[in-house]
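Structural overview
Residue strings, one per chain:
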Amino acid sequence: MSDELLKSFQQAYRNLELLPLIETKDLDRFRVNYGDEVIEELEQLVEDSPNGDGKIIFTGHRGCGKSTLLAEFSRRTQNRYFVVLFSISDTIEMSDVNHINILFAIAVNLMYEAEARRVEIPKSAKNAFYKWFATRTKTEEFNIEAETSLGFDLLKLISNKLKADAAVRYEIKQEFERKISDLIARINEIAAVIHVATKQDVLVIIDDLDKLELERVNDIYRDNIKTLCQPNFRIIYTLPIAVLRDKFLRRLIETETNDQVVVMPVLKLFEQGQSRQVGAKPRPQAENILCEILQKRIASELIEKQTAEKIVLNSGGVLRELVRIANECCRICLRLIRRKPGQAVVIDEQILDEAVNNIRNDFAVPLGKLDYGILQTTYNNFMPDDPRDSEFLDLLHGLYILEYRNRKNWYDVHPIVVELLRDRGLINDS
């Protein structure tokens, strides 16, 4: 019995680790049908791009399901476009991302996808591209004239250098800082060759830019949004939702992208203020979606139904927080099973309380007096004193504060963080 139970919880734990869902098999098995209206909005902007070179900004809270949705979106459009979806975190060291290596990563991933699909690019053009890559990433020793299949090896080597070799990233930046037009021209040339060979327009989707530190994101977009919009094919850039609170930067982004900004909202479990009411019931549609996500990943015999519903409420409607809480519950259960073999273990309220307490402690570590003041004000007013304040934006970026959307935007404190405010006597509505 204990071996079977251990294996069941191990499987649930592995299922929960699959986030975001990127691979087709994982999407087919675990994806829950939601966010279709966001996919439709992205499709409309891509399809109706006047010159076939529209730039779209896709934003939303970290963990609200953007990456999974982009993977599903790319799957739905791959028969109409030459879609290149890649994570910037898989390509470049996140602490060193800038507009130049973002563009260079686009070039690398365009060629990598062309190799993966065996696009019939003329050998002379392909060799010219590879020589260009090799020269700029110190891989000239690679045998460019060898069989075409070796292009994979070169591209993997280049990707590894971009990820791990700061010297290579520095030299790329130094070379193209004053002649960025040369880099863009080469990207456009690669895209044009692919378009001719496939008879499909190119669509590049860059995920995980929203996971960068806010200061780095500001530097990238504030000074270089025009440059990032110069390639003459469709690109979807991801962006932290906190950046859109900056009036100057938002106006700049909207101007350069022709107001093509798509926001993926957090699943709203309650209307504004309703969660504070005694006996308040969550919105059935949102609750059902989040419960279904848990059902697909955790066998029903491993979790009590009412506990699953409480996990949903503690998530605040954020998919990644839902998975984070359930994941912590599974960890606790796995430890209990190993500690006391033969004991029946199920995710119940006691397990959930321990998991939530662990996560609450993690939330508490970085908070200071100023942070608690902002959290208190936001909780009381559903709005901070200053939505552009950098400390507020950090709390928004870190999921301490969640943004919801009705006719107008409003904010609330993450349900687990609310308990920190109660513990400090900053609110007393329980």
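Residues numbered from 1 in each chain as written. Predicted model: local features only at pLDDT ≥ 70, side-chain atom pairs only at ≥ 80, totals over all residues. Heavy atoms only, no water.

Observations concerning the nonpolar core
Definition in use: What makes a nonpolar core is a set of buried Ala, Val, Leu, Ile, Met, Phe, Trp, Tyr and Cys residues whose side-chain atoms join them at distances within 4.5 Å. Exposure is judged per residue with a 1.4 Å probe applied to protein chains only, and the accessible area is read against the type maximum: over 50% gives exposed, under 20% gives buried, and values in between give partly exposed. We count a stretch as a helix when DSSP gives it H or I for four or more residues in a row; a strand needs E for two or more, and each element gets its number in order from the N terminus. Contacts were defined at the residue level, with two residues in contact if any of their heavy atoms lie within 4.5 Å.
Core analysis: the biggest nonpolar cluster contains 144 residues, and Ile106, Leu110, Tyr221 and Tyr237 have the highest contact counts within it. Sorting elements by how many residues they give to this core places helix 15 (residues 319–339) first, with 12 residues. Excluding its chain neighbours within four sequence positions, the residues that come into contact with isoleucine 106 are Phe86, Ile187, Val204, Ile206, Phe233, Ile235 and Tyr237. Counting seven residues, the second-largest nonpolar core is a separate cluster that includes Val266, Phe382, Leu399 and Tyr404.

What to know about the pattern of salt bridges
Operational definition: By definition here, a salt bridge exists when the distance from a side-chain nitrogen of Lys or Arg to a carboxyl oxygen of Asp or Glu is within 4 Å.
Throughout the structure, instances matching the rule amount to 27 salt bridges. Across the salt bridge formed by arginine 75 and aspartate 28, the nearest N and O atoms sit 2.6 Å from each other. One end of the pair, arginine 75, is in helix 4 (residues 66–77); the other, aspartate 28, is in helix 2 (residues 24–30), with 47 residues separating them in the sequence. For arginine 75, a relative accessible area of 23% corresponds to the partly exposed category. By relative accessible area, which is 52% here, aspartate 28 ends up exposed. Here arginine 422 and glutamate 419 are joined by a salt bridge, their closest N and O atoms 2.5 Å apart. Note that arginine 422 and glutamate 419 are positioned in helix 19 (residues 415–423) at a spacing of three residues, about one turn of the helix. Three or more residues joined by partner-sharing salt bridges are found here, namely Asp28, Asp36, Glu72, Arg75 and Arg76.

Some remarks on the sheet that holds strand 1 (residues 55–60)
Cut-off, in case you're wondering: A strand pair is defined by DSSP finding two or more bridges across the two strands. A fitted line through C-alpha atoms serves as each axis, taken over the contacting stretch for helices, and the angle formed by two N-to-C directions is quoted from 0 to 180°.
One open sheet accounts for five strands, arranged 2-3-4-1-5; its pairing is parallel. Edge positions in the sheet fall to strand 2 (81–87) and strand 5 (261–264), since each has one partner strand and no second. Each strand of the sheet is rotated relative to its neighbour by a mean of 20 degrees, with strand direction disregarded. Note that strand 1 and strand 4 (residues 234–240) share six bridges and pair parallel. Counterpart to phenylalanine 58 in the pairing with strand 4 is threonine 238.

Overview of the packing of helix 3 (residues 36–47) against helix 4
To keep it simple, the criterion reads: The cut-offs work like this: below 35 degrees is roughly parallel, past 145 is roughly antiparallel, 65 to 115 is roughly perpendicular, and the gaps in between are oblique. Helix crossings get a hand from a simple test, with the near helix turned counterclockwise from the far one by less than a right angle marking a left-handed crossing and a clockwise turn marking a right-handed one. We call Asp, Glu, Lys and Arg charged. Ala, Val, Leu, Ile, Met, Phe, Trp, Tyr, Cys and Pro are nonpolar, and the rest, Gly among them, are polar.
Closest axis-to-axis distance for the helix 3/helix 4 pair is 10 Å, and the angle between their directions is 50 degrees. The angle between helix 3 and helix 4 falls in the class oblique. You can see that helix 3 and helix 4 cross each other, and the crossing is right-handed. Residue-level inspection shows Asp36, Val38, Ile39, Leu42, Glu43 and Val46 of helix 3 in contact with helix 4, the latter providing Leu69, Leu70, Glu72, Phe73, Arg76 and Thr77. Among the residues making up the contact of helix 3 with helix 4, the classes are represented as seven nonpolar, one polar and four charged.

Some details on the environment of arginine 186
Looking at where arginine 186 falls in the secondary structure, it is placed in helix 10 (residues 180–198). Residues arginine 186 and proline 231 lie 45 residues apart in sequence; the distance between their C-alpha atoms is 9.6 Å. Not counting residues up to four positions away in its chain, the partners in contact with arginine 186 are Ala128, Phe129 and Trp132.

Quick word on the pairing of strand 2
Burial within strand 2 is extensive, with six of its seven residues counted as buried. Alignment of strand 2 against strand 3 (residues 201–207), held across seven bridges, turns out to be parallel. Along strand 3, the bridge assignment pairs valine 83 with leucine 203.

Looking at the side chain of histidine 414
Inspection of the secondary structure assignment puts histidine 414 in the loop between strand 7 (409–413) and helix 19. On the basis of relative accessible area, histidine 414 is assigned to the buried category, the value being 0%. Those residues within four positions of histidine 414 in sequence are excluded, and the remaining contacts are Asn314, Ser315, Glu321, Phe363, Leu399, Tyr400 and Leu402.

Quick notes on the state of the cysteines
Heads up, the condition is: The definition used for a disulfide is geometric: two cysteine sulfur atoms within 2.5 Å.
Throughout the structure, instances matching the rule amount to zero disulfides. With no disulfide of its own, cysteine 330 lies closest to cysteine 333 among cysteine sulfurs, the gap being 6.3 Å. Overall, the relative accessible area of 0% leaves cysteine 330 in the buried class.

Comments concerning the pairing of strand 1
Within strand 1, six of the six residues are buried, which leaves it mostly tucked inside the rest of the structure. Burial along strand 1 is two-sided: the face carrying Lys55, Ile57 and Thr59 and the face carrying Ile56, Phe58 and Gly60 are both buried. Where strand 1 and strand 5 come together, four bridges link them in parallel fashion. Looking across to strand 5, one finds that glycine 60 is bridged to methionine 264.

Things to note about the packing of aromatic side chains
For the record, the criterion: Two rings belonging to Phe, Tyr or Trp (six-membered ring only in the last case) form a pair when the distance between their centres is within 6.5 Å. Interplanar angles under 30 degrees mark stacking, angles over 60 mark edge-to-face geometry, and anything in between is tilted.
For the coordinates displayed, the defined rule picks out eight aromatic pairs. When the ring of tryptophan 132 is compared with that of phenylalanine 133, the centres are 5.2 Å apart and the planes differ by 65 degrees; the resulting orientation is edge-to-face. With respect to class, tryptophan 132 is no different from phenylalanine 133; both count as buried. Both rings, one in phenylalanine 363 and one in tyrosine 400, keep their centres 5.0 Å apart while their planes meet at 70 degrees; by these two values the pair is edge-to-face.

Notes on a negative patch on the surface
Inclusion rule: Put simply, a patch holds well-exposed residues, over 30% relative accessible area, that have no salt bridge, with like charges counted together within 9 Å and Val, Leu, Ile, Met, Phe, Trp or Tyr side chains within 5 Å. Exposure was quantified through the Shrake-Rupley algorithm and a 1.4 Å probe, taking into account, for residues, occlusion by the shown protein chains and nothing else. For this count, His and the chain ends are skipped, Lys and Arg are scored as positive, and Asp and Glu as negative. Charge positions are represented by NZ for Lys, CZ for Arg, CG for Asp and CD for Glu.
A cluster of acidic residues, Glu213, Glu215, Asp219, Asp223 and Asp394, forms a negative patch on the protein surface. One can find aspartate 219 in helix 11 (residues 214–228). Residue aspartate 219 is classed as partly exposed on the basis of its relative accessible area, which comes to 46%.

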